[in-house]
Amino acid sequence: MNQIISATASDIRDMRVRGAGRIARAGATALADYAASYEGRSLEEFRNDLRKASEVILGSRPTAVSLWNGVHYTLRGISSAETFEAARDSVIANGKEFVTNSEQAVQRIARIGAKRIKDGDVLMTHCNSSVAIGVILEAVRQGKDIKVYATESRPWRQGILTVNDLSKGGVDTTLIIDSAVRSVMSRVDRVFVGADTITSSGSLINKIGTSQVAMAANEARAEVNVCSETYKFSPKTMFGDTVTIEERDISEVVRPGEIPENVRVFNPVFDTTPAKYIDNIITEVGIMSPGAVYGVMVKQFGESIFDLE
Ligand code: RI2
């Protein structure tokens, strides 16, 4: 397989490139770069090689639909292209356009989401969502005085990345272990988390532990805000498809020899937060309730979405 494609798939699989938005942009960029460097001239051969390349990229991480949507956005139109040059130029242009649209969406969500944050608010965030962090940093940039509790987010401990991001942005930040979420939640006004996938019924698939954060917030009457670009909406769930929850190696949880051979380790890295625990989904096309996702999904993806059935 081509070096650009295999290196990108390896970076995503091994989480050297992580975060649902980043992996989508990496997948789109890899396909655009592959097309730009493609040495063949046959349209049919190009289509076949692109299909194989996209399968390698998509196989790197199964849960974040952003990767699937980014790849399909980049490859749209190649089936109708009449020449190799037209197909190649379409992939290059679409890949670049997806990345630009994605970056602009993250900036719009920051502006829209920051309006949900009031001066004096105490916030909580989970894992390391560049979109949720963007909202928080925008509120601070607007001069709002806020405090943030960030969870450690075991086993990968992405919370360490988050407290570094927030601290660099001048945010009053406290790191807590995941088990402290419910104890701390009584001090919290609003929760801001990211998304790997949002289903057509408005459920959230995000880093493991998100559902516990949302349940504790619901009990404490803290507002739950999901910060997500619409390319994290999963059109396939409209027709009954379920989202694969990635399980990763036990070495992320225990050290070699730490537990008996006959003890299993279950290491799912995402969980599902039911729509009933979510107050707002903050997107680049506005703030909505989970119940609005189906309609927005159809509008954003267009009539071709029904071809997925
Ligand atoms: P942004 C991450 O997954 C986290 O679950 C995060 O909430 C989500 O992707 C969205 O990230 P992982 O890649 O796109 O750390 O908001 O497994 O950056």
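Residues numbered from 1 in each chain as written. Predicted model: local features only at pLDDT ≥ 70, side-chain atom pairs only at ≥ 80, totals over all residues. Heavy atoms only, no water.

*Asks:* Quick question: what am I supposed to make of the packing of helix H4 (residues 65-75) against helix H5 (residues 84-114) here?
*Replies:* How two helices sit against one another is set out by the angle between their axes and by the gap between those axes. Between H4 and H5, whose axes approach to 7 Å, the crossing angle comes to 140 degrees. Comparing their axes, H5 and H4 come out oblique. Between H4 and H5, the contacting residues are Ser66, Gly70, Tyr73, Thr74 and Leu75 on the first element and Ser90, Val91, Asn94, Gly95, Glu97, Phe98 and Asn101 on the second. (Axes fitted to C-alpha atoms, helices over the stretch in contact; angles between N-to-C directions. Helix = DSSP H or I, 4+ residues; strand = E, 2+ residues; numbered from the N terminus. Parallel < 35°, antiparallel > 145°, perpendicular 65-115°, else oblique. Contact = heavy atoms within 4.5 Å.)

*Asks:* Could you clarify how one ought to interpret the sheet that holds strand E5 (residues 197-198) in this entry?
*Replies:* Sheets are built from strands paired through backbone hydrogen bonds, the pairs being either parallel or antiparallel. If you walk across this open sheet you meet the three strands as E5-E6-E8, and the pairing is antiparallel. Lying at the two open borders of the sheet, with one neighbouring strand each, are E5 and strand E8 (270-273). Across two bridges, the pairing between E5 and strand E6 (residues 204-207) is antiparallel. Bridged to isoleucine 198 within E6 is leucine 204. Strand contacts of helix H9 (residues 210-219): E6 and E8, with the helix running at about 30 degrees to E8, the strand carrying the most contacts. (Pairing = 2+ DSSP bridges.)

*Asks:* In this structure, what is going on with the packing of helix H2 (residues 20-36) against H5? I would like to understand it.
*Replies:* Where H2 contacts H5, the axes come no closer than 8 Å and their chain directions differ by 155 degrees. Taken together, the axis directions place H2 and H5 in an arrangement best described as roughly antiparallel. At the point where H2 passes H5, the crossing takes the left-handed sense. In this structure, H2 contributes Ala24, Arg25, Ala28, Thr29, Leu31, Ala32, Ala35 and Ala36 to the contact, and H5 contributes Arg88, Val91, Ile92, Gly95, Phe98, Val99, Ser102, Glu103 and Val106. (Left-handed = near helix turned anticlockwise from the far one by under 90°.)

Spatial relationships are all this shows, so hold off on functional conclusions.
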